[in-house]
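A structural walkthrough
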Amino acid sequence: MGQTDPEADGNTTDGEAADDETATQPAAIPADANCEVCNMVAADYPAWNAQLTHDTGDDAYFCSSGCLAAYVAEPSRFGGPKASIDTAWVTEYETESFLQASEAFFVRVANPDHVDDVMMKNPTPFATREDAVAFTESFDAYGEDDILRFSDFDMELATFYRGKFFEDDESMNSSEGNESAENTTSTA
(Lines give C-alpha, C1' and ligand atoms only; values in the text may rest on other atoms or scores of the structure.)
Protein backbone atom coordinates (compact mmCIF):
# COMPACT_ATOMS: atom_id res chain seq x y z
CA MET A 1 0.00 0.00 0.00
CA GLY A 2 1.83 3.10 -1.16
CA GLN A 3 1.16 6.68 -0.28
CA THR A 4 -0.65 8.54 -3.05
CA ASP A 5 -1.01 11.87 -1.27
CA PRO A 6 2.26 13.78 -1.54
CA GLU A 7 1.50 15.49 1.78
CA ALA A 8 0.95 12.16 3.52
CA ASP A 9 3.70 11.08 5.83
CA GLY A 10 4.31 8.45 8.44
CA ASN A 11 1.03 7.49 9.95
CA THR A 12 -1.53 9.05 7.73
CA THR A 13 -3.84 7.32 5.33
CA ASP A 14 -3.34 7.46 1.62
CA GLY A 15 -6.91 8.60 1.08
CA GLU A 16 -8.15 5.29 -0.29
CA ALA A 17 -11.54 4.17 0.99
CA ALA A 18 -11.54 0.94 2.92
CA ASP A 19 -13.36 -2.09 1.55
CA ASP A 20 -15.27 -2.50 4.83
CA GLU A 21 -18.29 -0.19 4.72
CA THR A 22 -18.24 0.34 8.51
CA ALA A 23 -14.57 1.29 8.59
CA THR A 24 -13.52 4.86 9.06
CA GLN A 25 -10.14 6.34 8.37
CA PRO A 26 -7.55 6.33 11.13
CA ALA A 27 -7.04 9.53 13.05
CA ALA A 28 -3.78 11.39 13.24
CA ILE A 29 -2.11 10.22 16.45
CA PRO A 30 -2.44 13.11 18.93
CA ALA A 31 0.97 14.47 19.94
CA ASP A 32 0.22 13.91 23.61
CA ALA A 33 -1.50 10.50 23.37
CA ASN A 34 0.19 7.88 25.51
CA CYS A 35 0.24 4.25 24.46
CA GLU A 36 -2.66 2.56 26.24
CA VAL A 37 -0.41 -0.34 27.25
CA CYS A 38 3.13 0.87 27.95
CA ASN A 39 2.41 4.61 28.43
CA MET A 40 5.07 5.76 25.92
CA VAL A 41 4.06 8.75 23.78
CA ALA A 42 2.61 6.98 20.74
CA ALA A 43 3.23 9.86 18.31
CA ASP A 44 6.97 9.62 18.99
CA TYR A 45 7.05 6.29 17.07
CA PRO A 46 5.31 6.93 13.73
CA ALA A 47 7.04 3.98 12.04
CA TRP A 48 5.35 1.58 14.49
CA ASN A 49 2.06 3.22 15.60
CA ALA A 50 -1.21 1.39 15.88
CA GLN A 51 -4.67 2.55 16.87
CA LEU A 52 -8.22 1.33 17.19
CA THR A 53 -11.75 2.55 17.63
CA HIS A 54 -14.38 0.82 19.78
CA ASP A 55 -18.04 0.57 18.74
CA THR A 56 -18.72 3.35 21.24
CA GLY A 57 -16.39 5.70 19.34
CA ASP A 58 -13.66 5.49 22.00
CA ASP A 59 -10.19 5.60 20.44
CA ALA A 60 -7.02 3.98 21.73
CA TYR A 61 -3.48 4.69 20.53
CA PHE A 62 -0.40 2.49 20.73
CA CYS A 63 3.33 2.88 20.16
CA SER A 64 3.38 -0.46 18.30
CA SER A 65 1.46 -3.51 17.14
CA GLY A 66 2.74 -5.52 20.13
CA CYS A 67 1.02 -3.13 22.52
CA LEU A 68 -2.09 -3.31 20.31
CA ALA A 69 -1.96 -7.11 20.68
CA ALA A 70 -1.86 -6.81 24.48
CA TYR A 71 -4.78 -4.37 24.51
CA VAL A 72 -6.90 -6.49 22.15
CA ALA A 73 -6.46 -9.51 24.42
CA GLU A 74 -7.82 -7.66 27.48
CA PRO A 75 -8.93 -4.04 26.89
CA SER A 76 -10.30 -3.61 30.42
CA ARG A 77 -6.83 -4.24 31.90
CA PHE A 78 -5.66 -1.08 30.13
CA GLY A 79 -8.69 1.09 30.89
CA GLY A 80 -10.56 0.28 27.68
CA PRO A 81 -14.34 0.13 27.53
CA LYS A 82 -16.27 -3.13 27.48
CA ALA A 83 -17.42 -2.25 23.95
CA SER A 84 -16.32 -4.30 20.95
CA ILE A 85 -13.49 -3.13 18.74
CA ASP A 86 -14.85 -1.59 15.55
CA THR A 87 -11.68 -1.06 13.51
CA ALA A 88 -7.95 -1.20 14.17
CA TRP A 89 -5.01 0.11 12.16
CA VAL A 90 -1.34 -0.74 12.18
CA THR A 91 1.65 0.83 10.49
CA GLU A 92 2.74 -1.28 7.56
CA TYR A 93 6.39 -2.32 7.90
CA GLU A 94 7.58 -1.39 4.40
CA THR A 95 5.59 1.79 3.65
CA GLU A 96 5.08 3.15 7.17
CA SER A 97 1.48 3.96 6.19
CA PHE A 98 -1.61 2.98 8.12
CA LEU A 99 -3.25 -0.26 7.07
CA GLN A 100 -6.41 -1.78 8.49
CA ALA A 101 -5.28 -4.49 10.89
CA SER A 102 -7.96 -6.83 9.52
CA GLU A 103 -6.28 -6.62 6.10
CA ALA A 104 -2.70 -7.02 7.34
CA PHE A 105 -0.51 -10.09 7.43
CA PHE A 106 1.65 -10.15 10.56
CA VAL A 107 4.91 -12.02 11.05
CA ARG A 108 5.35 -13.27 14.60
CA VAL A 109 8.85 -11.86 15.01
CA ALA A 110 10.57 -13.57 17.94
CA ASN A 111 14.11 -12.24 17.74
CA PRO A 112 14.61 -8.54 18.55
CA ASP A 113 17.62 -8.45 16.23
CA HIS A 114 15.46 -9.19 13.17
CA VAL A 115 13.56 -5.91 13.18
CA ASP A 116 14.78 -2.63 14.62
CA ASP A 117 11.55 -1.61 16.28
CA VAL A 118 10.47 0.49 19.21
CA MET A 119 9.63 -2.28 21.69
CA MET A 120 12.21 -4.84 20.55
CA LYS A 121 9.60 -7.42 19.45
CA ASN A 122 6.29 -6.87 17.72
CA PRO A 123 4.06 -8.75 15.31
CA THR A 124 5.33 -7.08 12.14
CA PRO A 125 2.54 -6.01 9.75
CA PHE A 126 2.66 -6.33 5.96
CA ALA A 127 0.09 -5.30 3.37
CA THR A 128 0.22 -8.58 1.45
CA ARG A 129 0.82 -12.21 2.26
CA GLU A 130 3.57 -12.21 -0.37
CA ASP A 131 5.45 -9.47 1.51
CA ALA A 132 5.09 -11.39 4.78
CA VAL A 133 6.34 -14.59 3.13
CA ALA A 134 9.31 -12.72 1.64
CA PHE A 135 10.18 -11.44 5.12
CA THR A 136 10.00 -14.95 6.62
CA GLU A 137 12.22 -16.26 3.84
CA SER A 138 14.92 -13.73 4.73
CA PHE A 139 15.45 -15.44 8.13
CA ASP A 140 15.96 -19.13 8.91
CA ALA A 141 13.98 -18.63 12.13
CA TYR A 142 10.59 -18.12 10.47
CA GLY A 143 8.21 -19.99 8.23
CA GLU A 144 4.72 -19.53 6.91
CA ASP A 145 3.36 -20.78 10.26
CA ASP A 146 4.64 -17.50 11.73
CA ILE A 147 2.27 -15.47 9.55
CA LEU A 148 -0.78 -14.32 11.51
CA ARG A 149 -3.94 -12.38 10.88
CA PHE A 150 -5.48 -9.82 13.22
CA SER A 151 -8.14 -12.40 14.12
CA ASP A 152 -5.29 -14.49 15.59
CA PHE A 153 -4.48 -11.84 18.21
CA ASP A 154 -5.19 -13.56 21.52
CA MET A 155 -3.86 -13.77 25.06
CA GLU A 156 -1.04 -16.11 24.03
CA LEU A 157 0.24 -13.56 21.51
CA ALA A 158 -0.28 -10.73 24.01
CA THR A 159 1.82 -12.43 26.66
CA PHE A 160 4.45 -13.41 24.10
CA TYR A 161 4.99 -9.74 23.24
CA ARG A 162 3.99 -7.90 26.42
CA GLY A 163 4.05 -10.55 29.13
CA LYS A 164 5.30 -8.14 31.77
CA PHE A 165 1.95 -6.34 31.66
CA PHE A 166 0.19 -9.58 32.58
CA GLU A 167 2.61 -10.75 35.29
CA ASP A 168 0.28 -9.65 38.09
CA ASP A 169 -2.10 -12.42 37.06
CA GLU A 170 0.70 -15.00 36.99
CA SER A 171 2.14 -13.98 40.35
CA MET A 172 -1.35 -13.82 41.83
CA ASN A 173 -2.09 -17.32 40.53
CA SER A 174 1.30 -18.52 41.80
CA SER A 175 0.63 -16.99 45.23
CA GLU A 176 -2.79 -18.58 45.37
CA GLY A 177 -1.27 -21.90 44.31
CA ASN A 178 1.45 -21.63 46.97
CA GLU A 179 -1.08 -20.75 49.66
CA SER A 180 -3.17 -23.74 48.68
CA ALA A 181 -0.12 -25.98 48.72
CA GLU A 182 0.89 -24.61 52.14
CA ASN A 183 -2.62 -25.17 53.49
CA THR A 184 -2.67 -28.72 52.13
CA THR A 185 0.70 -29.62 53.64
CA SER A 186 -0.07 -28.02 57.01
CA THR A 187 -3.28 -29.98 57.41
CA ALA A 188 -1.80 -33.31 56.32
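Quick notes on the rules
Numbers given for residues are sequential positions, taken from 1 along each chain in its written order. Where local features are concerned, this predicted model is filtered to residues with pLDDT of at least 70; where side-chain atom pairs are given and counted, the filter is 80 or more; whole-chain, interface and lining totals use all residues. Excluded from the side-chain calculation are hydrogens and water; included are all heavy atoms of the structure. DSSP-based pairing: two strands are paired if at least 2 bridges between them are found. Secondary structure elements are taken from DSSP: a helix is a run of H or I of four residues or more, a strand is a run of E of two residues or more, and numbering for both begins at the N terminus. To define a nonpolar core, start from buried Ala, Val, Leu, Ile, Met, Phe, Trp, Tyr and Cys residues and group those joined through side-chain atoms within 4.5 Å. Categorising residues by exposure relies on relative accessible area from a 1.4 Å probe, with only protein chains included: less than 20% of the type maximum marks a residue as buried, more than 50% marks it as exposed, and the intermediate range marks it as partly exposed. Every residue pair with non-hydrogen atoms within 4.5 Å of one another is taken to be in contact. Fitted lines through C-alpha atoms serve as axes, helices being fitted only where they are in contact, and the angles separating the N-to-C directions of these axes extend from 0 to 180 degrees. For classification purposes, angles smaller than 35 degrees are called roughly parallel, those larger than 145 roughly antiparallel, those between 65 and 115 roughly perpendicular, and all remaining angles oblique. In this scheme the crossing of two helices becomes right-handed for a clockwise turn of the near helix relative to the far one and left-handed for an anticlockwise turn of less than a right angle. Basically, the charged four are Asp, Glu, Lys and Arg, the nonpolar ten are Ala, Val, Leu, Ile, Met, Phe, Trp, Tyr, Cys and Pro, and anything else, Gly included, counts as polar.

The next point concerns the pairing of strand β5 (residues 105–108). Where β5 meets strand β6 (residues 123–126), four bridges bridge the pair, whose relative direction is antiparallel. The residue of β6 that forms the bridge with V107 is T124. Taken together, the two bridges between β5 and strand β7 (residues 147–148) define a ladder with antiparallel strand orientation. Looking across to β7, one finds that F106 is bridged to L148.

For the rest of this paragraph, the subject is the nonpolar core. F62 and L68 are the most contacted members of the largest nonpolar core, which has 41 residues in total. Among the elements of the structure, β1 (50–54), β2 (59–62), α1 (65–73), β3 (85–91), β5, α2 (129–137), β7 and α3 (155–162) are those that each provide at least two residues to this core. Setting aside chain neighbours within four positions, we find L68 in contact with A50, L52, F62, W89, V90, F150 and F153. By size, the runner-up hydrophobic cluster in this structure holds six residues, among which are I29, A33, Y61 and F98.

The next subject is the environment of A83. Tracing the backbone shows A83 in the loop between α1 and β3. When the C-alpha atoms of A83 and T53 are compared, they prove to be 9.7 Å apart, with 30 residues separating the residues in sequence. Discounting residues that sit within four places of it in the chain, A83 has contacts with H54, D55 and T56.

Here the focus is the sheet that holds β7. The strand order β6-β5-β7 describes an open sheet built from three strands, whose pairing is antiparallel. One side of each edge strand has no neighbouring strand; the edge strands of this open sheet are β6 and β7. The sheet strands contacting α2 are β5, β6 and β7, and the helix crosses β5 at an angle near 15°.

Buried residues dominate α1, accounting for eight of its nine residues. Against the buried residues of α1 lie β1, β2, β3, β5, β6 and α3.

Glancing now at unusual backbone geometry. Where the residue is not glycine, phi is negative for most of them; where a peptide bond is considered, it is trans in most cases. Positioned with a positive phi, N39 is a non-glycine residue whose angle comes to about 75°. Looking at the secondary structure, you find N39 in the segment before β1.

A separate point is the packing of α1 against α3. Where α1 meets α3, the closest approach of the two axes is 8 Å, and the angle between their N-to-C directions is 140°. Of the possible angle classes, the one that applies to α1 and α3 is oblique. The interaxial crossing formed by α1 with α3 has left-handed handedness. Only M155, L157, A158, Y161 and R162 of α3 make contact with α1, whose side of the interface consists of G66, C67, A69, A70 and A73. Tallied by class, the residues present in the contact of α1 with α3 amount to eight nonpolar, one polar and one charged.

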